[in-house]
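Geometric and topological summary
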Amino acid sequence: MGYMENMGNMGNMENMENMGNMENKTKTTAKEKKKTEALLKVENISLSFIQYASGLRQTELKVISNLSIEAHSGEILAVVGSSGSGKSLLAHAILGILPSNAKLDGKMEYNGQQLTPEKKEEIRGKEIALVPQSTNYLDPLMRISNQVIGCVEEKNEGLMKKVQRDIFQKYDLKPDVDRMFPHELSGGMTRRVLVSTAVMSSAKLIIADEPTPGLDEKTLNETLSYFKDMANRGCAVILITHDIEAALKISDKIAVFYAGTVLEVANVEDFKNNGENLRHPYTRALWNALPQNKFQAIKGHQPMQDEVIDGCIFYERCSKKNELCSKGIPQLKSVNGGVVRCNNVS
Amino acid sequence: MSTAVVTVNKGVFRGFNLRQKTLLIIGFTSLLLLAIVISSVEFGDESLHTNFGSKNLNPSPEHPFGTDWMGRDMFIRTLKGLGSSIMIGAFASTISTILAIILGLLSSTGKIADSFIAWLVDLFLSIPHLLLIILISIGFGGGATGVIIGVALTHWTGLTRVVRAEIKQLKTQEYIHISRNLGKSKWWIATKHIFPHLIPQIFLGTILMFPHAILHEASATFLGFGLSPHEPAIGIILSESMKYLSAGYWWLAFFPGLSLLIVVLAFDMIGENLGKLIDPKNAHE
Amino acid sequence: MLDKDKIAGFIGNKILRLLSLLIVVCFVSFMLIQYSPIDPVRAYIGEMPVSAEHKANLEEYWGVNTPPQEKFLNWAGDALKGNFGISLIYRMPVTDVIKERFTASLVLMAASWLFSGILGFILGIIAGMKKGTWIDKTIKIYCYVLAATPTFWLALILLMVFSVYLGWFPIGLSVPIGVTAENVTFLDWFLRLILPALTLSLLGVAQIALFTREKLIEVLSSDYVLFAKARGEKGLDLVLRHGIRNVALPAITLQFLGFSELFGGTVLVEQVFSYPGIGQAAVAAGLRSDVPLLLGIVIVSACFVFFGNAIADLIYQFVDPRIKQQEASI
């Protein structure tokens, strides 16, 4: 199970270099933005579900705990973690579209304002847009153009239709796509349609939930470039993915998601050589597990969601653990331009 | 990752969790039905003696459901009618279940058998159910026997489909393939791997058949195809009551029908709650 | 839009299936009645005393002494020519009886089918939208209770309340058999229709409402509704935009699959209200061993059920764009 974390596609180095060009361009803009306030601040949120276990016992299942991230305008923040670890729920929590049996604690701020459930309902789809992962997120019985335009007043419909056509044109979606149903789209077309929905909304914060599963190399890079574009136009982008290589290609910062929390937020430049600039042992292990690096998997598996853990969540698998680590969750520390939750970093 | 399993109790049955609540509902309704059957047998025929001195009485503490044109107590008549309804329902459901198991298993033996059984199911569903029961009951000489056979022979279609689909699905499972590759006999696989999965489904299917069987028997009897007028049956009581409607004897129809409704509802509730226990995934509400 | 060849193939296939089904249904029902221990003559004359000569006449008329194979072949041969024989109790051709009776029943069934479908769908949508609230619980309980209600009992209760107690409708709703549709005024006819249709509608609501509710809840928890919410859609607009669109087709399909139950309900309701429809004729034919009429009704009802299923199939295969696409790609 240890190499679950490097399920990402085996990208080749050539492509990494292509992307490097773009990176340099944005690095400067990113640095300027660093001084400004974050567009979205998520502080110490926890998320749990009330569920029925076997025999109809009700249980509370904690899926996210003590998670903090920040998203800045013009920057791409990648949230990287293995499949099924609850990353999508983070997106749903920010948008306020969690199921009714979910319980969310903690603080969120958008543009300096408290992000209450009412506020979320008001700004989602306008200020914050979601780019979902698959065609399942499109109404199977609605034609594509109506879907992308969304729910609008009748008098604006003509105008919106024109805007939608322009966006489709830009993404090379032909006029006949407008009248198609979701199941008629190819994988690449679905991707572009889903991205169009976010562009249509002119949102300032884009949350892309696993936008690159099972894409071939070309489509993958194409899709990633759409998000890069959005960031360059001044949007804050949160890219949720299990594919660390894809994330490294375009992101400014990488948040490492593990067992329901973020262990480290590192700058993309920290991922080089043997990972000595990385702060958390898990991030380093993740980096070293990539095929073009040491291709070394770490032992053990992520703790189950119903396991009770008092200390550091990575304790079981950590090579540097000490007694302190088993007692209490390590504090969040700012180290070297990034943040980390580890006792052994100073 | 600090909290783990916590049991939460809330809802109408404060102090009980959902499992206990479900068991409680099942227990209570089963007890009610059992009480009806036992008391319907306990009251001998002498408690239904005709007494023209007390005919057509309104409901009163002495006769909670009133009395009929022969002065018989409607409560006892209803109780006896319900008792026979439940027993006929039980008999018919059992026969239909046995048929469903046989046909379901038969359909898994080969392609020809499978399409034959699919065809048979379609054939039985092609005529409106009530009309089919009437036809079969005429074919078997009418009367109580006819209707009971009619009801018993027509309720197997749904469960047969369930058994058939369930076996089909189980057969594609990995562990069945492995057993087969390990050289286990067909019989061994059937008894060790397939039956344990089928039994809860079959049990539930039988319970869910009850209400339909009871209502169909009552309907056929009401129309005049079933039990004869001197036998205790809700259908008879209600068809008799039609003669007295214009006279304003509302209780003759109201209480017996309502009791039948409650019995049917009780079976539905048992079925639904059993379903929740068997498949907790559907119980998130 | 629709592929003509495909539709022709669909209809051809359906007609073949209907014919093969009808042959089996005819044979099985004929044999069931033929080998019934019930003596048709006795069932017809009932308790009244008759002379031996009269009885012999009747036996001749019923064909008691004709061998069953010959009888079936005679009957089947005539049936192929569109002649289903003479109804013994109505003393007219079976086709005429069925035509008149089935038209009356069709009006009743169509009215309650439409009304229960629309009401059930609306109730289901409301319950699904308000899942878990008291509105939802009320609708659910209403549906569960209705599903457990004996049709004929509800008919009796409505008859008691509206005809006996309130006196809004006449109690004896029947029209003498000799009176044909032309002699009945529209108002008479409409008054006769209301209570039976109301009974059937109230009962028909349960299944469609519960189904619509389940389906809507399923749709509302789907990924595409989640995405619609993420895009700022909410409340009634969301349900109207995505819910109705995705629930309507399966609900309409289900309503067409319910023809068999509708027919059963009609039989009971017509009996209570003495509505001169095909259900009442079926009961009379069954009770008094009117073999030609009973067989005719069985055939008509089988066609009726088949028709409902065929339309459900048609919707499934031709209207739903997802299925259309899958078919094309095979």
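Looking only at helices and strands, chain C features 14 helices and 0 strands. When its helices and strands are written in sequence order, chain C yields α-α-α-α-α-α-α-α-α-α-α-α-α-α. Here chain C, with 330 residues, has 48% of them falling under the buried criterion. Accessible surface computed for chain C: about 16,000 Å², of which carbon and sulfur atoms make up 66%.

Moving on to the pattern of salt bridges. Throughout the structure, instances matching the rule amount to 22 salt bridges over all chains. Here Glu264 of chain A and Arg279 of chain A are joined by a salt bridge, their closest N and O atoms 2.9 Å apart. A residue pair is termed long-range when its members are at least 10 positions apart, and Glu264 of chain A in strand β10 (residues 261-267) and Arg279 of chain A in the loop between β10 and α9 (281-288) qualify at 15 residues. Take Glu264 of chain A and Arg279 of chain A: they sit in the same class, and that class is buried. Between Arg213 of chain C and Glu214 of chain C there is a salt bridge, and its shortest N-O distance comes to 3.2 Å. A residue is classified by how much of its surface remains accessible, and Glu214 of chain C, at 45% relative accessible area, is partly exposed.

Looking now at helix α7 (residues 151-165) of chain C. Residue and element names in this part refer to chain C. In this model, α7 (15 residues) spans 20 Å end to end at C-alpha, consistent with the 21 Å of a helix rising 1.5 Å per residue. Its maximal kink placed at Leu159, α7 deviates by approximately 25°. Among the residues of α7, those classed as buried are Thr151, Phe152, Trp153, Leu154, Ala155, Leu156, Ile157, Leu158, Leu159, Met160, Phe162 and Ser163. Following α7 by one or two positions, Gly167 adopts a phi angle in the positive range, close to 70°.

Listed by partner, the interface residues are 41 residues for chain B and 46 residues for chain C. Run the count over chain B and chain C and you get 1 salt bridge. In this structure, the salt-bridge partner of Asp122 of chain B is Arg17 of chain C, at a minimum N-O distance of 3.5 Å. Counting across the chain B and chain C interface gives 3 residue pairs in polar contact (both at pLDDT 80 or more).

Here we come to the packing of aromatic side chains. This structure, assessed with the given rule, holds 17 aromatic pairs over all chains. An angle of 70° between the planes, with centres 5.7 Å apart, marks the rings of Phe271 of chain A and Trp287 of chain A as edge-to-face. Residue Phe271 of chain A is located in the loop between β10 and α9, and its partner Trp287 of chain A is located in helix α9; the two are separated by 16 residues in the primary sequence. Assessed through its relative accessible area of 8%, Phe271 of chain A is described here as buried. Ring centres of Trp113 of chain C and Phe256 of chain C lie 4.9 Å apart, and the angle between their planes is 55°; on these two criteria the pair is classed as tilted. Of this pair, Trp113 of chain C sits in helix α5 (residues 94-129) while Phe256 of chain C sits in helix α10 (residues 235-257), placing them 143 residues apart in sequence. Pair check on accessibility: Trp113 of chain C and Phe256 of chain C agree, each one buried. A network of ring pairs unites the aromatic residues Phe102, Trp113, Phe256, Phe259, Phe263 and Phe304 of chain C as a single cluster.

Moving on, we come to the domain arrangement of chain C. All names here are of chain C. The domains assigned to chain C are domain 1 (14-80) and domain 2 (94-329). Each partner contributes residues to the interface: domain 1 has 16 residues there, and domain 2 has 13 residues. Approximately 1,300 Å² of surface area, both sides summed, lies buried where domain 1 meets domain 2, with 80% of it carried by carbon and sulfur atoms. When residues of domain 1 are sorted by the area they lose upon contact with domain 2, Lys14, Ile33 and Trp75 head the list and together hold 35% of the total. The interface formed by domain 1 and domain 2 includes 1 salt bridge. When the shortest N-O distance is used, the salt bridge between Asp313 and Lys14 registers 2.8 Å. Mapped onto the side of domain 1 that touches domain 2, the elements with two or more residues apiece are α1 (4-34) and α2 (40-45). A total of 10 residues in the side of domain 1 that touches domain 2 trace back to one element, the largest contributor, which is α1.

Within the secondary structure, Ala155 of chain C is located in helix α7. Separated by 40 residues in sequence, Ala155 of chain C and Leu195 of chain C have C-alpha atoms that sit 7.8 Å apart.

Below, the discussion takes up a nonpolar patch on the surface. Judged by side-chain polarity, Leu114, Ile118, Ile122 and Ile126 of chain C come together as a nonpolar surface patch covering roughly 350 Å² of accessible area. Relative to the assigned elements, Ile118 of chain C resides in helix α5.

Take the side chain of Glu217 of chain B next. All names here are of chain B. Within the element layout of this structure, Glu217 appears in helix α8 (residues 186-223). Side chain to side chain, Glu217 and Ser85 meet in a polar contact 3.4 Å long. In this view, Glu217 contacts Ser85, Ile88, Val147, Val151 and Leu227; residues no more than four positions away in its chain are not counted.

On average, residues of chain B carry a pLDDT of 79, and 86% of them reach 70 or more. Segment residues 1-13 of chain B is flagged for pLDDT under 50; beyond a separation of four residues in sequence, or across chains, it makes 31 contacts in the model.

Moving on, we come to the side chain of Arg192 of chain A. Residue and element names in this part refer to chain A. Looking at where Arg192 falls in the secondary structure, it is placed in helix α6 (residues 187-201). No salt bridge is formed by the buried Arg192; the nearest opposite charge belongs to Glu222, separated by 4.0 Å. Of note is the side chain of Arg192, whose polar atom sits 3.1 Å from the backbone oxygen of Tyr171.

Residues and elements named next belong to chain A. By the definition in use, this model includes 0 disulfides over all chains. Looking at Cys325, it has no disulfide partner, and the nearest cysteine sulfur is the one in Cys312, 6.0 Å off. Judged by relative accessible area, Cys325 falls into the buried class, the value being 5%.

This part covers the sheet that holds strand β8 (residues 236-241) of chain A. All names here are of chain A. As summarised here, the arrangement of the 8 strands in space is β6-β7-β8-β3-β9-β10-β12-β11, forming an open sheet in which the pairing is mixed. The open sheet has two edge strands with one neighbour each: β6 (128-131) and β11 (333-335). Strand-to-strand, the axes of this sheet are offset by a mean angle of 25°, without reference to chain direction. Relative to β8, strand β3 (residues 76-80) runs parallel, the two being bridged by 5 bridges. The residue of β8 that forms the bridge with Ala78 is Leu239. Sheet strands in contact with helix α2 (residues 87-95) are β3, β6, β7 (205-209), β8 and β9 (253-258), and its direction is about 150° off that of β7.

Criteria and cut-off values
Residues numbered from 1 in each chain as written. Chains lettered and ligands numbered in written order. Predicted model: local features only at pLDDT ≥ 70, side-chain atom pairs only at ≥ 80, totals over all residues. Heavy atoms only, no water. Helix = DSSP H or I, 4+ residues; strand = E, 2+ residues; numbered from the N terminus. Buried < 20%, exposed > 50% of the residue type's maximum accessible area, 1.4 Å probe, protein only. Areas by Shrake-Rupley, 256 points an atom, 1.4 Å probe, with all protein chains shown as cover. Salt bridge = Lys/Arg side-chain N within 4 Å of Asp/Glu carboxyl O. Expected span 1.5 Å × (residues − 1). Bend = angle between axes of the 7 residues up to and from the residue. Contact = heavy atoms within 4.5 Å. Polar contact = N/O pair within 3.5 Å; in protein donor to acceptor, adjacent residues only side chain to side chain. Phe/Tyr/Trp six-rings, centres within 6.5 Å; stacked < 30°, edge-to-face > 60°. Domains from an automatic or database assignment. Buried area = accessible area lost by both parts, 1.4 Å probe. Patch = residues over 30% accessible without salt bridge, like charges linked within 9 Å, V, L, I, M, F, W, Y side chains within 5 Å. pLDDT = per-residue confidence, 0-100. Lys, Arg positive; Asp, Glu negative; His and termini not counted. Disulfide = S-S within 2.5 Å. Pairing = 2+ DSSP bridges. Axes fitted to C-alpha atoms, helices over the stretch in contact; angles between N-to-C directions.

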